[in-house]
Amino acid sequence: MAKDENLPLFATKLAKGRILFQFYSLLIFVGICFIFVYRLSHIPAKKEPGRWAWMGLFFSELWFSFYWFVTTIVRWNPIYRNTFKDRLSHRYEKALPGIDIFVCTADPVIEPPVMVISTVLSVMAYDYPPEKLSVYLSDDGGSDLTFYAMLEASRFSKIWLPFCKKFKVEPRSPEAYFRTAVEPLGEPVMAKDWSTVKLYEDMKKRIENTTKLGRISEEISKEHKGFNEWIFVASRRDHQTILQILIDGRESEAMDIQGQTLPTLVYLSREKRPQYHHHFKAGAMNALIRVSSRISNSPIILNVDCDMYSNNSMSVRDALCFFMDEEKGNEVGFVQFPQAFENLTKNDVYSSSLNVLMELEMPGFDGNGGPCYIGTGCFHRRETLSGQKYSKIYKADWKRWINRSVEDSTSVLEETCKVLASCSYEENTQWGKEIGLKYDCAVEDVLTGIAMQCRGWRSIYFTPERKGFLGVAPTTLLQSLVQHKRWSEGDFHIFASRHCPFVLGYKKIPLKLQLTYCMNLLWAANCLATLYYVIVPSLCLLRGISLFPEITNSWVLAFVFVIIVHRAYSLGEFVWFGGTFKGWWNDQRMWLYKRTTSYFFGFLDYILKRLGFTNSAFVITTKVAGDDVSQRYEQEVMEFGTSSPMFTILATLALLNAICFVSGLKRVIADVETLVWEKFALHILLCGLLVFINLPIYQGLFFRKDVASLPTSVTYQSTMFALLACAIAVY
């Protein structure tokens, strides 16, 4: 028994098979060196055609090589963790700390109330003492429809929570559970309770009908005093703080149908006024930090997006194994779980799974000093969000949190906490700067994580066997591109500011972690080299200027070797982490689309903002789709259907490469006796690959007649731009 007391609560192991990766990296490095030797030794003479195109291609390859070096550092030493929850229970079951859970929503149309409460119910049902759980919903939409859904959820939780714990169901999101569960006709005990929990369908129908109506009926408004708050609401952007404690876990009435205590449940819509900047999700999170410090003040905070329901009821205990480990737990600032999605198609048409990123690159972050904070599915130590620096003498006092109690009544708490979520509370304070989540950045989560690490805290990345959280991936191409545009712009903003890891993290975090962050922070900068490589070689093929070695020249081996080995390893890696060959090809397509549109507009927007031409705007990714959109998504048919500058760029590049490819083939066929094909083989191969990868674009432009095809305006614009570019190149 005494021996067990000294055993760690988690273990760390190195990834297997890294020798193969290191050997592969060495081969690629040698191949890259040969390419550079070729580029530098074969620079065209000053007046020779293609000199500047050659130099541009060299600098593009130099950038690709640097970025490859960065990703190699990330993948060099991934580590994986496993926890010992039995040891945690044995030592601390009666002394487990409280957990505050933050769920954030911002728009009842884009993020339907039914989806929101399904996430809320899933985290209320954790396998954890309910009296130590407090769940807070931040509704930045200020919607009485969302409040009504929360009221319904508070009632249904009295039935749902005991059902989950009695039968150990997974997942504990009612929406996700009933989507796949089969009625237990052969199990009398479960069948008896089944009819009760199926009341969820009735609750869901009531909420959906009210949402469609767009307002709360007079009958419903009499069900709770909280509805009176909306009498004074001018609009979703102009209203007072609305705070309602729907379930107060301290009260004797807060019991489920089996007499067990229910978790505390709080609804918050912070004050908003037109003259105050509300700082989007970061502002909402900071309001929750302050309000929760008055109501429950738990030492551990979990935040999840409203579409990221809990898929694993043991996630809280997994996280506590890191925080409460006797040897290393005191230095842990936050524990990040992977971001995973439930609505992915077999071949992941929009490359939303992020499997390689979550299964390999994030463990690489961990091995280099700690993962970044990705904004959802993350457990924080409250002190880290309060701006506290880590000290070697710091030791968590869990008893201090356990013995703390609030004596104020529910109504008094509701009133006294409202000021904490007011617009003026943060004036002349360090909130958004040194305390709480950082402001003035589109990816406030990443910036906040860097700041925590620079204050000395260690972050942990944990991938459980059963996914901790499942969300909703974008179901249209434009949704995916816009989402990545926001991420890339925010990441590049960090890199180009005083918060850059090389500046803020100087002598505070390891150099390898500073370099590791560059993999994400330089997403936007990738657009320049990629656009150059997609456009210039094709136009040079059109003009008859060669930028690559002839197929009979021995230097071609370096290019062919790097291309084949690099892509073959990428395919093997993708399949190893659960993908398919077609899924990998879709991933290559989206890699190209994101770099030529999302990252380009992210980079451009950052430059324009620095020049004062545009302002920040937070775009919420739609979490619902119409039946026809969903059907096409499930069939893996690419969704266009609207005009967008992004689609115009994609179509222009696709048409430009098609024209150049046809021209190149025509040149080869016409001059077959002079062996022109030897000179332009790599050009034609590159151009042909770009044509092949753009097949969905050609289908959307010319062959598809459904509503999701590319609009005629995009066809006309892209054709004009492509022909203009070709004409300029030729003449």
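A brief look at the structure comes next. The numbers attached to residues start from 1 for each chain and follow its sequence in the written order. At least 70 in pLDDT is required for a residue's local features to be given in this predicted model, at least 80 for side-chain atom pairs to be given and counted, and no such filter applies to totals for whole chains, interfaces and linings, which use all residues. With hydrogens and water excluded, all non-hydrogen atoms of the structure serve as input to the side-chain values.

## With respect to the overall build of the protein
Here comes step 1: Secondary structure elements are taken from DSSP: a helix is a run of H or I of four residues or more, a strand is a run of E of two residues or more, and numbering for both begins at the N terminus. A tally of helices and strands in the protein yields 28 helices and 12 strands.
Here comes step 2: Radius of gyration means the value over C-alpha atoms here, while the globule rule gives 2.2 Å times the residue count to the 0.38 power. A globule of 731 residues ought to have a C-alpha radius of gyration of about 27 Å, and the protein, at 28 Å, matches this closely.
Here comes step 3: If one aligns the C-alpha atoms of the protein with their principal axes, the spans along those axes are about 90 × 60 × 60 Å.
Here comes step 4: For the protein, buried positions account for 59% of its 731 residues.
Here comes step 5: Pairs of residues are marked as contacts when any of their non-hydrogen atoms sit within 4.5 Å. Long-range contacts, defined as pairs at least 24 residues apart, comprise 83% of the intrachain contacts of the protein with a sequence gap of at least 6.
Here comes step 6: Total accessible area on the protein is roughly 31,800 Å²; 60% of this is exposed by carbon and sulfur atoms.
Here comes step 7: In this count, Lys and Arg are taken as positive residues and Asp and Glu as negative ones, while His and the chain termini are left out. Positions of charges follow a simple convention, taking NZ of Lys, CZ of Arg, CG of Asp or CD of Glu. If the 79 positive side-chain charges of the protein are averaged to one point and the 73 negative ones to another, these points end up 6 Å apart. For each residue, the accessible area found with a 1.4 Å probe, counting protein chains only, is set against the maximum for its type, and the residue is called buried under 20%, exposed over 50%, and partly exposed in between. Calculation of accessible area relied on Shrake-Rupley with a 1.4 Å probe; when residues are assessed, cover is drawn exclusively from the protein chains displayed.

## As for the pairing of strand E6 (residues 264-269)
Here comes step 1: For E6, a buried count of 6 out of 6 residues is recorded, marking the element as mostly surrounded by other parts of the structure.
Here comes step 2: In this analysis, strands are considered paired if DSSP registers two or more bridges between them. The pairing of strand E4 (residues 133-139) with E6 spans 5 bridges and is classified as parallel. The residue bridging Ser138 from the neighbouring strand is Leu268, located in E6.
Here comes step 3: Judged from the 5 bridges that link them, strand E5 (residues 242-247) and E6 form a sheet pairing that is antiparallel. Following the sheet pairing, Ile242 is matched in E6 by Ser269.

## What to know about the side chain of His224
Here comes step 1: Topologically, His224 is positioned in the loop between helix H10 (218-221) and E5.
Here comes step 2: The exposure class assigned to His224 is buried, which follows from its relative accessible area of 18%.
Here comes step 3: Pairing of N or O atoms within 3.5 Å defines a polar contact, subject to two protein rules: one partner must be a possible hydrogen donor and the other a possible acceptor, and residues neighboring in sequence count only if both atoms are side-chain atoms. Of note is the side chain of His224, whose polar atom sits 2.8 Å from the backbone nitrogen of Gly226.
Here comes step 4: Ignoring any residue separated from it by four or fewer positions in sequence, one finds His224 in contact with Phe147, Leu151, Gln244 and Leu246.

## Considerations on the pattern of salt bridges
Here comes step 1: Salt bridge criterion: a side-chain nitrogen from Lys or Arg within 4 Å of a carboxyl oxygen from Asp or Glu. Counting across every chain of the model gives 35 salt bridges.
Here comes step 2: The shortest N-O distance in the salt bridge between Asp305 and Lys281 comes to 2.7 Å. Residue Asp305 is found in strand E7 (residues 300-305), and its partner Lys281 is found in helix H11 (residues 280-295); the two are separated by 24 residues along the sequence.
Here comes step 3: For Lys281, a relative accessible area of 16% translates into the label buried.
Here comes step 4: Of the charged contacts, one joins Lys485 and Asp605 as a salt bridge, the two residues approaching to 2.6 Å between their closest N and O atoms. On the criterion of sequence distance, the pair formed by Lys485 in helix H18 (residues 477-495) and Asp605 in helix H23 (residues 581-610) is long-range, its members being 120 residues apart.

## So, the packing of H18 against helix H20 (residues 511-521)
The axes of two packed helices give the description: the angle between them and the distance between them.
Here comes step 1: To obtain an axis, a line is fitted to C-alpha atoms, over the contacting stretch when the element is a helix, and the angle between two such axes runs from 0 to 180 degrees between their N-to-C directions. Contact pair H18 / H20: the axes reach a minimum separation of 9 Å and the direction vectors enclose 140 degrees. Between H18 and H20, the contacting residues are Asp491, Phe492, Ile494 and Phe495 on the first element and Cys518, Asn520 and Leu521 on the second.
Here comes step 2: As a working rule, the residues Ala, Val, Leu, Ile, Met, Phe, Trp, Tyr, Cys and Pro are called nonpolar, Asp, Glu, Lys and Arg charged, and the rest polar, with Gly in that last group. Looking at side-chain class alone, the contact of H18 with H20 contains 5 nonpolar, 1 polar and 1 charged residues.

## A look at the sheet that holds strand E9 (residues 332-336)
Here comes step 1: The strand order across the open sheet formed by 8 strands is E5-E6-E4-E3-E7-E10-E9-E11, and the pairing between neighbours is mixed. Each edge of the open sheet carries a strand with a single partner, namely E5 and strand E11 (458-461). Neighbour-to-neighbour, the strand axes of this sheet turn through a mean angle of 20 degrees, independent of strand direction.
Here comes step 2: Relative to E5, helix H6 (residues 144-167) is tilted by about 15 degrees, and along the sheet it contacts strand E3 (99-105), E4, E5 and E6.

## Details of the nonpolar core
Here comes step 1: To form a nonpolar core, buried Ala, Val, Leu, Ile, Met, Phe, Trp, Tyr and Cys residues must be joined to one another through side-chain atoms within 4.5 Å. Membership of the largest hydrophobic core comes to 115 residues, with the highest contact counts inside it found for Trp160, Leu320, Phe323 and Phe379.
Here comes step 2: Take this core: its biggest share by element is 13 residues, from H6.
Here comes step 3: In terms of nonpolar packing, the next biggest core, distinct from the first, is built from 64 residues, Val534, Leu539, Trp585 and Cys687 among them.

## Section: the environment of Leu265
Here comes step 1: Counting through the fold element by element, Leu265 comes out in strand E6.
Here comes step 2: Spatially, the C-alpha atom of Leu265 lies 14 Å from that of Tyr126, the residues being 139 residues apart in sequence.
Here comes step 3: Apart from the residues lying within four places of it in its own chain, the contact partners of Leu265 are Val120, Met124, Val135, Met150, Ser154, Gln244, Ile245, Leu246 and Ile247.

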